[in-house]
Amino acid sequence: MKKHTLKRILALVGKYPFSLVAVILFAAAEVAATLYVPVLVGDGVDLIVGKGNVNFEELKIVFYKIGVAISVGFVAKWLVGIFNNRLAFRTVQEIRNKAFDKINALPLKYLDSHPHGDTLSRVVADADEVSDGLVMGFTQLFTGVLTIGGTIALMLLTNWKIALVVIFVTPLSIFTSRFIAKRTYSYFRAQTIARSEQVSFTEEAVSNLKTAQAFCHEKENEADFEKKNAAYKSAAMSATFSSSLVNPLTRFVNNAVYALVVLFGALQIAKGGSGAAAAAAGALTVGGLTKFLSYANQYTKPFNEISGVVTELSGAFVCAGRIFELLDEAEETPDSSLGDLIVTEGKVRLENVSFAYTEGQKLIENLSLTAEGGKRVAIVGRTGSGKTTLINLLMRFYDVNAGEITVDGTKIRTVNRKSLRSRYGMVLQETFLKTGTVRENLKIGRESATDEEMIAAAKACHAHGFISRLPQGYDTYITEEVNLSAGQKQLLCIARIMLSLPDMLILDEATSSVDTRTERRISDAFDKLMKGRTCFIVAHRLSTIKNADIILVMEQGNVVEQGNHETLLKKRGYYYNLYTSQFATPEN
Ligand code: ATP
Ligand code: MG
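Residues numbered from 1 in each chain as written. Chains lettered and ligands numbered in written order. Predicted model: local features only at pLDDT ≥ 70, side-chain atom pairs only at ≥ 80, totals over all residues. Heavy atoms only, no water.

1. Describing the overall build of the chain
Across its full length, the chain holds 21 helices and 14 strands. Over its C-alpha trace the chain gives a radius of gyration of 38 Å, far above what one expects of a compact globule, namely 25 Å for 588 residues. Across its three principal axes, the chain shows a C-alpha extent of roughly 120 × 70 × 55 Å. Taking the contacts inside the chain whose residues are at least 6 apart along the sequence as the reference set, 77% of them involve residues at least 24 apart. In the form shown here, the chain has an accessible surface area of approximately 31,900 Å², with 59% of it arising from carbon and sulfur atoms. (Helix = DSSP H or I, 4+ residues; strand = E, 2+ residues; numbered from the N terminus. Rg over C-alpha atoms; globule rule 2.2 N^0.38 Å. Contact = heavy atoms within 4.5 Å. Areas by Shrake-Rupley, 256 points an atom, 1.4 Å probe, with all protein chains shown as cover.)

Right, here's the structure in full:
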């Protein structure tokens, strides 16, 4: 799995070979320049042998070289940053686009069975983490390893004995800091826990002050709080104390190594003499020692960086894995090659339909029913009885496990989903408004509609009045949260469906209470909308149920009774019970 992830990431990054090569080349140039500066400084020091014995001519050249090396390093670092960012942002842009397209292509089943927050965080946060961690981390790792390798090589070339001292003793500081960091982490955790306990306790105390006072519980609360506060104090002090140890301790170890190198080096120099002559003879010189000291300083830095990068990289890997998981989900089977649904009268039939969300958990079994064209079908039943499921099947959000659904004799499995869904108009309890103008929202189902048609639909649905009173009328920008009332939102949604001229309708009546005037308007708008169209209505209002041509009574996934209001009442069965328990006495 992990190897697979890496391969796929490399494939993504590899789509930008120019940026990738640029990053690698400039990173290498940066490392080379950085490593070359100490060499030059060492050479310079060797040119200063003593009072009156300074080779100014050559020293000048060395200075120039140092200047050039530093500039090259600076420019290379800057370019690495630029190309790196290009690489990172392009990669994440591509991943995001793919993920978003994927979400649109997924069957509803995926979104129904995965928390939405999880899917969102895959597209947004995880993608960010991948770009930060992977692409940035990758170059840091690359330059880090290059720096370490280069430093070791250069030190070994200069003087292998001192080189070994630096190579093996310097990492001591890393172990020390790692050791303390581990302990510090647990202290910090304790501090965080103590703090969150304190916060929730305070929150509780503030919001329940009345209860506490009513029970005369203030003293106990204070004592509890003091205990929690003391725990927080000791955890915070331990955490701060041990974290503040890291810096001095690592510095101490570093300085000790430094001193060791100086001691060792000085002894060698004393043996070999000094100046350019000694350098030429291959002995360690003061300049050589200077070089070493810079390397000793530089050597540990990449280690620390790399360990940080590794954590970041592993995080990025996990996130990339999560995105790839999403990208690998099975999509709805492509059906664009199938023909369009042609609706003539809108007769919908279910023939021996069986369906279950999860295998083995039976829900709808062997259901058959017919809705003649233009008739109203009211679906009633307790919560969880399968009303929404039936609608999911009609719209092909889910496919039946057995049996067939037909529209005017055409099996809906033999036409493309888009044409099926566009023939249905759907108004659900949860109104959905997209962020945009009222006009955009109304024309969402039929973008080719003219403004006259739009206004006519709005008028028919009693929406024109309040829309005209909005600050910019039909051009008012609305969002999901904007200050439209629940009833107004519902009216907008109805007008939207009215405008899209569907052949069949699916309505989920709102149970949310709107004032009676709005309620009357909504139900009038619904009536106009339903005229001449086959309608499936998840009904909550008695008037809707009474006016329906057929009532389907659902119970545990099955239609247990069908018929109209009078015949069903006479049966004294499920419908009768439901009706008497929900609405007034059957006599009225
Ligand atoms: P309500 O009146 O509360 O909206 P409903 O009649 O619409 O109820 P459904 O949503 O059709 O009921 O649910 C029927 C059964 O199917 C329930 O037992 C429910 O737990 C189950 N169910 C619904 N959606 C899913 C799903 N996506 N995955 C698995 N089971 C589901
Ligand atoms: Mg439902």
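Here the narrative resumes, following the displayed structure.
2. Section: the sheet that holds strand E13 (residues 550–555)
Strand pairing in a sheet relies on backbone hydrogen bonds. The paired strands run either parallel or antiparallel. Ordered in space as E8-E11-E12-E5-E13-E14, the six strands form an open sheet in which the pairing is mixed. Only two strands of the sheet have a single partner each, and these edge strands are strand E8 (424–427) and strand E14 (558–563). The average undirected angle you get between the axes of adjacent strands in this sheet is 20°. With four bridges joining them, strand E5 (residues 376–381) and strand E12 (residues 534–538) adopt parallel strand pairing. Bridging across to E12, Ala378 finds its partner in Ile537. Of the strands in this sheet, E5, E8, strand E11 (504–508) and E12 are in contact with helix H18 (residues 516–530), which crosses E11 at around 160°. Strands in contact with helix H21 (residues 574–582) are E5, E13 and E14; relative to E13, the strand with the most contacts, it is inclined by about 90°. (Pairing = 2+ DSSP bridges. Axes fitted to C-alpha atoms, helices over the stretch in contact; angles between N-to-C directions.)

3. Remarks on the packing of helix H3 (residues 56–105) against helix H11 (residues 286–328)
Look at H3 against H11: their axes get within 9 Å of each other, and the N-to-C directions meet at 40°. Relative to H11, the element H3 is oriented oblique. The chirality of how H3 crosses H11 is left-handed. Note on element contacts: H11 touches H3 through Ile323, Leu326, Leu327 and Asp328, opposite Ile95, Lys98, Ala99, Lys102 and Ile103. A per-class count over the contact of H3 with H11 returns six nonpolar, no polar and three charged. (Parallel < 35°, antiparallel > 145°, perpendicular 65-115°, else oblique. Left-handed = near helix turned anticlockwise from the far one by under 90°. Nonpolar A, V, L, I, M, F, W, Y, C, P; charged D, E, K, R; others polar.)

4. Looking at a negative patch on the surface
On the surface, a cluster of negative charge is contributed by Glu218, Glu220, Glu222 and Glu226. Turning to its location among the elements, Glu226 is positioned in helix H9 (residues 218–272). (Patch = residues over 30% accessible without salt bridge, like charges linked within 9 Å, V, L, I, M, F, W, Y side chains within 5 Å. Salt bridge = Lys/Arg side-chain N within 4 Å of Asp/Glu carboxyl O. Lys, Arg positive; Asp, Glu negative; His and termini not counted. Charge placed at Lys NZ, Arg CZ, Asp CG, Glu CD.)

5. Description of the packing of helix H2 (residues 17–47) against helix H5 (residues 116–158)
Direction vectors running N to C along H2 and H5 enclose 35°, while the axes themselves pass 10 Å from each other. Here H2 runs over H5; the crossing is right-handed. Along the contact surface, H2 presents Leu20, Val23, Ile24, Ala27, Ala28, Glu30, Val31, Leu35 and Val39, while H5 presents Phe138, Thr139, Phe142, Thr143, Leu146, Thr147, Gly150, Thr151 and Leu154. Partitioned by chemical class, the residues of the contact of H2 with H5 number twelve nonpolar, five polar and one charged.

6. A few points about the packing of aromatic side chains
This model, assessed by the stated rule, comprises seven aromatic pairs. Judged by centre distance (5.9 Å) and plane angle (80°), the rings of Phe18 and Phe83 are edge-to-face. In this pair, Phe18 sits in helix H2 while Phe83 sits in helix H3, placing the two residues 65 residues apart along the sequence. For Phe83, a relative accessible area of 12% translates into the label buried. Linked through ring pairs, Phe18, Phe26 and Phe83 together constitute an aromatic cluster. (Phe/Tyr/Trp six-rings, centres within 6.5 Å; stacked < 30°, edge-to-face > 60°. Buried < 20%, exposed > 50% of the residue type's maximum accessible area, 1.4 Å probe, protein only.)

7. Some remarks on the pattern of salt bridges
Taken as a whole and judged by the stated rule, the model has 24 salt bridges. A salt bridge links Asp118 to Arg322, with the shortest nitrogen-to-oxygen separation between them at 3.3 Å. Of the two residues, Asp118 is situated in helix H5 and Arg322 in helix H11; the sequence distance between them amounts to 204 residues. Accessibility expressed as a relative area gives 21% for Arg322, which makes it partly exposed. For Lys528, the salt bridge goes to Asp524, with nearest N and O atoms at 3.6 Å. One end of the pair, Lys528, and the other, Asp524, are both in helix H18, four residues apart, so they sit about a helical turn from each other. What makes Lys528 partly exposed here is its relative accessible area of 37%. Three or more residues joined by partner-sharing salt bridges are found here, namely Asp118, Arg122, Asp126, Arg322 and Glu325.

8. Considering the nonpolar core
In terms of nonpolar packing, the biggest core is built from 46 residues, with Leu442, Ile467, Leu492, Ile551 and Tyr575 touching the most fellow members. Of all the elements, helix H17 (residues 486–500) adds the most residues to this core, at eight residues. Those residues in contact with Ile551 that lie beyond four places of it in its chain are Ala378, Val380, Ile545, Glu561, Gln562, Gly563, Asn564, His565, Leu568 and Tyr575. (Core = buried A, V, L, I, M, F, W, Y, C linked by side-chain atoms within 4.5 Å.)

9. Digging into the site of ligand 1
All residues in the neighbourhood of ligand 1 are listed as Asp112, Tyr357, Leu363, Arg382, Thr383, Gly384, Ser385, Gly386, Lys387, Thr388, Thr389 and Tyr398. The backbone of Gly384 places a nitrogen or oxygen atom 2.8 Å from an oxygen atom of ligand 1. Note that an oxygen atom of ligand 1 is positioned 2.7 Å from one of the side-chain N or O atoms of Lys387. In isolation ligand 1 offers 630 Å² of accessible surface; the protein chains occlude 59% of this area. Among the elements that make up the shell around ligand 1, the one with the highest residue count is helix H12 (residues 387–394) (three residues). Split by residue class, the shell around ligand 1 holds three nonpolar, six polar and three charged. (Near = heavy atom within 4 Å. Polar contact = N/O pair within 3.5 Å; in protein donor to acceptor, adjacent residues only side chain to side chain.)

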